[in-house]
Amino acid sequence: TVVALKHCRHPSQGKKQVCVTTICVDAMAFLGPSKCGDRITMYAQVNRAFGSSMEVGVRVEAQAIGGRVRHINTGYLTLMAVDNNGKPHHSPRITAETENEKDQFKFALGRRKLRMERKKLAGDNKKEGGLAWNWSDTMAGEISTANIYGLLKVANAYDLLWMPKEIPTELS
């Protein structure tokens, strides 16, 4: 939230009071544990701005005293800039400079498209035209397989480099 707020309070935005609110926590990957006594460091950057919303990437590292640094968590959050009345406020554009920033900027668009597709799939059938259905415990296996298959199809449709180009045969 801090990095998104700093981005929205850029001098180019003038004196207007802007707040940010989290609208989505996405793709949390827990890569390893933190242990009692570890020093935890969080790095965050705004990867890309989309009008009033922006994607923030977070990397969490742990280090024991005198030990090596371990990457233990990565996540992506979507935040929205709002004014004092709670109305969406335009956030400044991002200028990617380093290779890592350029990669994150590019992949943020793909992650956004995936979020939008998931939102459509999970939407209310009557109100949003979504493809969601009522949950049944007997459908858990089929739903999991369908989710993986569907996400792979969407990822391939948007040519995201970090997803496999071919869908495994056991899912087709």
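Higher on the page you've got the structure.
As the structure is a prediction and not an experimental result, all values here were calculated from the model.

(A) Looking closely at the overall build of the protein chain. Within the protein chain one finds four helices and four strands. Counting from the amino terminus, helix and strand elements in the protein chain follow one another as α-β-β-β-β-α-α-α. Evaluated residue by residue, the protein chain yields a buried proportion of 33% over its 172 residues. By element, 56% of the accessible surface of the protein chain is carried by carbon and sulfur atoms, the whole surface being about 11500 Å².

(B) Looking closely at the packing of aromatic side chains. Per the counting criterion, the structure on display carries zero aromatic pairs. If you follow R48 out to its NZ or CZ, it ends over the ring of F105, 3.9 Å from the centre.

(C) Structural context of the sheet that holds strand 4 (residues 69-82). Spatial strand order, 1-4-3-2: four strands in an open sheet with antiparallel pairing. Unpaired on one side and paired on the other, strand 1 (19-30) and strand 2 (39-50) mark the two borders of the sheet. Between one strand axis and the next, the sheet turns through 25° on average, direction left out of account. With eleven bridges connecting them, strand 3 (residues 53-63) and strand 4 associate as antiparallel partners. Residue pairing in the sheet places V60 in a bridge with N73 of strand 4.

(D) Structural view of a nonpolar patch on the surface. Taken together, the side chains of V25, M28 and F30 define a hydrophobic patch exposed on the protein surface, amounting to about 340 Å² of accessible area. With respect to the helices and strands, the residue M28 is situated in strand 1.

(E) Highlighting the side chain of S52. Tracing the sequence through the fold places S52 in the loop between strand 2 and strand 3. Excluding residues within four positions of it along the chain, S52 makes contact with L79, M80, A81, P88, H89, H90 and S91.

(F) Broad picture of the side chain of H7. Here H7 lies in helix 1 (residues 2-8). Here P92 takes part through its backbone oxygen, which lies 2.7 Å from a polar atom of the side chain of H7. If we skip the residues at most four places from it in the chain, H7 touches V46, A49, M54, S91, P92, R93 and I94.

(G) Representation of the pairing of strand 3. Counting buried positions along strand 3 gives nine out of eleven residues, so the element sits mostly inside the fold. Alignment of strand 2 against strand 3, held across eleven bridges, turns out to be antiparallel. Opposite R39, over in strand 3, you have Q63 as the bridge partner. Where strand 3 folds back on strand 4, the antiparallel hairpin that results is connected by five residues, among which G66 adopts a positive phi of roughly 75°.

(H) Local environment of the pattern of salt bridges. Tallied over the entire structure, the rule returns five salt bridges. Among the ionic pairs, E55 bridges to R111, the shortest N-O distance being 2.7 Å. In this pair, E55 is assigned in strand 3 and R111 in helix 2 (residues 99-122), connecting sequence segments 56 residues apart. The residue E61 makes a salt bridge to R59 at a minimum N-O spacing of 2.7 Å. In this structure E61 comes out as buried when scored by relative accessible area, which is 13%.

(I) How the structure looks around the layout of surface pockets. Within this model, the second largest pocket holds a volume of roughly 270 Å³. Taken together, I23, C24, F50, S53, T78, M80, R112, R115, M116, R118 and K119 make up the lining of the second largest pocket. Counting residues per element, the ones that place at least two in the lining of the second largest pocket are strand 1, strand 4 and helix 2. For the lining of the second largest pocket, the leading source of residues is helix 2, giving five residues. When its residues are assigned to classes, the lining of the second largest pocket shows five nonpolar, two polar and four charged.

Rules and cut-offs
- Residues numbered from 1 in each chain as written.
- Predicted model: local features only at pLDDT ≥ 70, side-chain atom pairs only at ≥ 80, totals over all residues.
- Heavy atoms only, no water.
- Helix = DSSP H or I, 4+ residues; strand = E, 2+ residues; numbered from the N terminus.
- Buried < 20%, exposed > 50% of the residue type's maximum accessible area, 1.4 Å probe, protein only.
- Areas by Shrake-Rupley, 256 points an atom, 1.4 Å probe, with all protein chains shown as cover.
- Phe/Tyr/Trp six-rings, centres within 6.5 Å; stacked < 30°, edge-to-face > 60°.
- Lys NZ or Arg CZ within 6 Å of the ring centre and 35° of its normal.
- Pairing = 2+ DSSP bridges.
- Axes fitted to C-alpha atoms, helices over the stretch in contact; angles between N-to-C directions.
- Patch = residues over 30% accessible without salt bridge, like charges linked within 9 Å, V, L, I, M, F, W, Y side chains within 5 Å.
- Salt bridge = Lys/Arg side-chain N within 4 Å of Asp/Glu carboxyl O.
- Contact = heavy atoms within 4.5 Å.
- Polar contact = N/O pair within 3.5 Å; in protein donor to acceptor, adjacent residues only side chain to side chain.
- 1 Å grid on protein atoms, 1.4 Å probe; cavity = no way out; pocket = protein on both sides within 12 Å on 5 of 7 lines; lining within 4 Å.
- Points joined across faces, edges and corners; volume = space filled by probe spheres on them.
- Nonpolar A, V, L, I, M, F, W, Y, C, P; charged D, E, K, R; others polar.

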